[in-house]
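Each chain, letter by letter, is given below.
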Amino acid sequence: MNIRDTISRNTGGHRIIIGVILCLFGLSIVQSMPPVKKPRKRRPATTDTRVYLVHADELRYDQFQNNNAQVLVGHVHFTHRGARLYCDSANFFESSNSFEAWGHVRMYQGDTLSLTSDYAYYDGNEELARARYNVVLKHRKSVLYTDSLDYDRMYDVGYFFEGGKLVDESSVLTSDWGEYHTDTKIALFAYDVELRNKKFFLTTDSLYYNTQTSMAHIVGPSDITSGSSHIYSEDGYYNSKTDHAELFGRSVMQNKGRTLVGDSVFYNGTKGMSHAYWNVEFNDSVNKNKLTGDYCEYDEAMGYAMATQRAVAIDYSQRDSLYMHADTFKVFTYNIDTDSVYRVMHAYNKVRAYRRDVQAVCDSLVYNQKDSCMTMYRDPIAWNNNQQIFGEEIRVYMKDSTIERAHVIGQAFSAELMRDSVNYNQVQSKEMVAYFTDGEIREADAIDNVLIVYYPIDDADSTLIGLNYTETPKMKMFLEKRKMQRIWFEKPTGTLYPMTQIPPGKKFLPNFAWFDYIRPLDKEDIFNWRGKGEEQKLKIVKRREAPVQTLPKKQPVADDVPASTEQITEEEHHE
């Protein structure tokens, strides 16, 4: 058996195996991605399909040796259907329209494609070149390196099956098996695929790559690393020139402890911008919080994130997670990549929050990480167990994600439902401040125009003694384990009414309201907006300010008076 038969049998076996693999492989990937552009139709046969010997330094022929081959030595040159083929020596099988070539084998097709190797077998009838050992296929600006390549001129496609490397202008692509279409510029790579360039490193098991557009089509589990960013996807497109990605099927993007997941993710590596759609999760494991929604975007350079469409912010830094919903969340990062970095989160329109021990509702909210202050605007209400507090504005100061101080500004009102589920302890004032230790309230202050309705309890039998109505400029209440230890008033006036003699107008303070019907019931109820009625919304009370004192303006002398009033400037007019 000669070399040609061996190659023919081996490569024939390879082609059968490859065919089976492609059939099996096709079942898993054809449905998930558009196929490579279909090969053009086979060229119609012409009257002249023969391989022509153009030149050889030496020719000999022995019909009883070399399988009836013409033995050619020195500067051998063939032509076939527009292709030029060169080698150092060859066996020419004129009857089968084929030849074997050794030594500096070169094939040129036009000005854009060349194929070199140490050995090749060329079948003129099939227009198939089987190149072996140190194979280099050059096509325009792309170069393919391998040791075993079958190049089908009829369909303009080359197959390699013992490892190959494709190099284009900006990237290097390697795999165990692959094919390259010279007409469409598309390459298919499989098994241990790696794609590298200066910007990123991609690993996968199956990949389509367009050398003309530098577009990679991911069709299996893939990892893309670029600087501190990491992308995992099983279906998507990545442009190695522009560093743009379009990812589908719950793809994951990670950067410095932050993770973005969505059904569809679009990434602009040049600008560092990400856009994600449907079932999106943006998780910050460093600060232990998360944003979810059906649309999110993230700017890694600016540290800006936004979520909307069923958006939820989740803080899981404590034992129980806090869930907060709003129409839109925005996170801004200041002094990014410095030791003084901090973030500010804005939540606006129909904010509802739930944690087992605390719930809140307001129109809009701002959390500033720099001073750990969360400010609630426009009809804010907060609940803790059987207590409710509201006002024009509520500021909550945190320390290590635990509440340290709460400040209610404007028309402050606090109510506590008693155990009998009928009566309420109440405090009304212009301002309230509550101080906490380890998450437990230890002091509560009411400031300016303080009104109090309080039901003292008989320790002997836990019955209500009566209603204590008090008016005072200022009150301080000290608590321990949620029980009042002592209370201090500044110049109080008040009356204790027995339970049977409480006047009808004293049972509730003027601003009393119990908004239990608005209160979020669980983490799913945060999506169900229930607002106050118009008659219950607080009307902002404008604070009076002392007029600014100004000195009388110096009277101008005659020379300073303008010739006409039209010459007076706008600034002078306002003065």
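Here the structure is a predicted model, which is why all the values come from computation and not from measurement.

Rules used in this analysis
- Residues numbered from 1 in each chain as written.
- Predicted model: local features only at pLDDT ≥ 70, side-chain atom pairs only at ≥ 80, totals over all residues.
- Heavy atoms only, no water.
- Helix = DSSP H or I, 4+ residues; strand = E, 2+ residues; numbered from the N terminus.
- Buried < 20%, exposed > 50% of the residue type's maximum accessible area, 1.4 Å probe, protein only.
- Contact = heavy atoms within 4.5 Å.
- Areas by Shrake-Rupley, 256 points an atom, 1.4 Å probe, with all protein chains shown as cover.
- pLDDT = per-residue confidence, 0-100.
- Salt bridge = Lys/Arg side-chain N within 4 Å of Asp/Glu carboxyl O.
- Core = buried A, V, L, I, M, F, W, Y, C linked by side-chain atoms within 4.5 Å.
- Pairing = 2+ DSSP bridges.

Peer 1: Quick one: what's the story with the overall build of the protein chain, residue by residue and with numbers?
Peer 2: The helix and strand tally for the protein chain stands at 2 helices and 36 strands. The 575 residues of the protein chain split such that 44% are buried. In the protein chain, the proportion of contacts linking residues at least 24 apart, taken out of those at least 6 apart, comes to 40%. Total accessible area on the protein chain is roughly 31500 Å²; 52% of this is exposed by carbon and sulfur atoms.

Peer 1: Explain the confidence of the model for the protein chain residue by residue, including any values.
Peer 2: Residues of the protein chain with pLDDT of at least 70 account for 85%, and the chain-wide mean is 83. Across residues 1–41 the pLDDT falls below 50, and counting only partners more than four positions away or on other chains, this stretch makes 52 contacts in the model. Per-residue pLDDT stays below 50 along residues 558–575; that stretch engages in 4 contacts with residues further than four places along the chain or on separate chains.

Peer 1: Let's hear about the pattern of salt bridges: which residues, and what values?
Peer 2: All told, the structure shown has 20 salt bridges when counted by the stated rule. A salt bridge links Glu58 to Arg60, with the shortest nitrogen-to-oxygen separation between them at 3.3 Å. A residue is classified by how much of its surface remains accessible, and Arg60, at 45% relative accessible area, is partly exposed. A salt bridge links Arg395 to Glu393; the nearest nitrogen and oxygen atoms lie 2.7 Å apart. Owing to a relative accessible area of 30%, Arg395 belongs among the partly exposed residues under this scheme. Relative accessible area serves as the criterion here: at 17%, Glu393 is assigned to the buried category. What you see here is one network of salt bridges that share partners, running through Arg442, Glu443, Asp445 and Lys476.

Peer 1: Summarise the nonpolar core; cite the residues concerned and give the values.
Peer 2: Counting residues in hydrophobic clusters, the biggest one holds 86 residues, and the most contacted among them are Phe78, Leu115, Met324, Phe329 and Leu365. Here this core takes 5 residues from strand E33 (residues 440–454), the largest share from any one element. Apart from the residues lying within four places of it in its own chain, the contact partners of Leu115 are Val105, Arg106, Met107, Ala129, Ala131, Val135, Val136, Leu137, Leu149 and Tyr151. With 22 residues, the next largest nonpolar core counts Val361, Trp383, Phe515 and Leu538 among its residues.

Peer 1: Describe the pairing of strand E16 (residues 222–226), and please don't skip the residues or the numbers.
Peer 2: Burial of the side chains of E16 is restricted to one face: Ser222, Ile224 and Ser226 are buried, whereas none of Asp223 and Thr225 on the reverse face is. Sheet topology places strand E14 (residues 201–210) next to E16; 3 bridges connect them, and they run antiparallel. Pairing of Leu202 across the sheet is with Ile224, part of E16. Judged from the 5 bridges that link them, E16 and strand E17 (residues 229–233) form a sheet pairing that is antiparallel. Each residue of the ladder has a partner; that of Ser222, found in E17, is Ser233.

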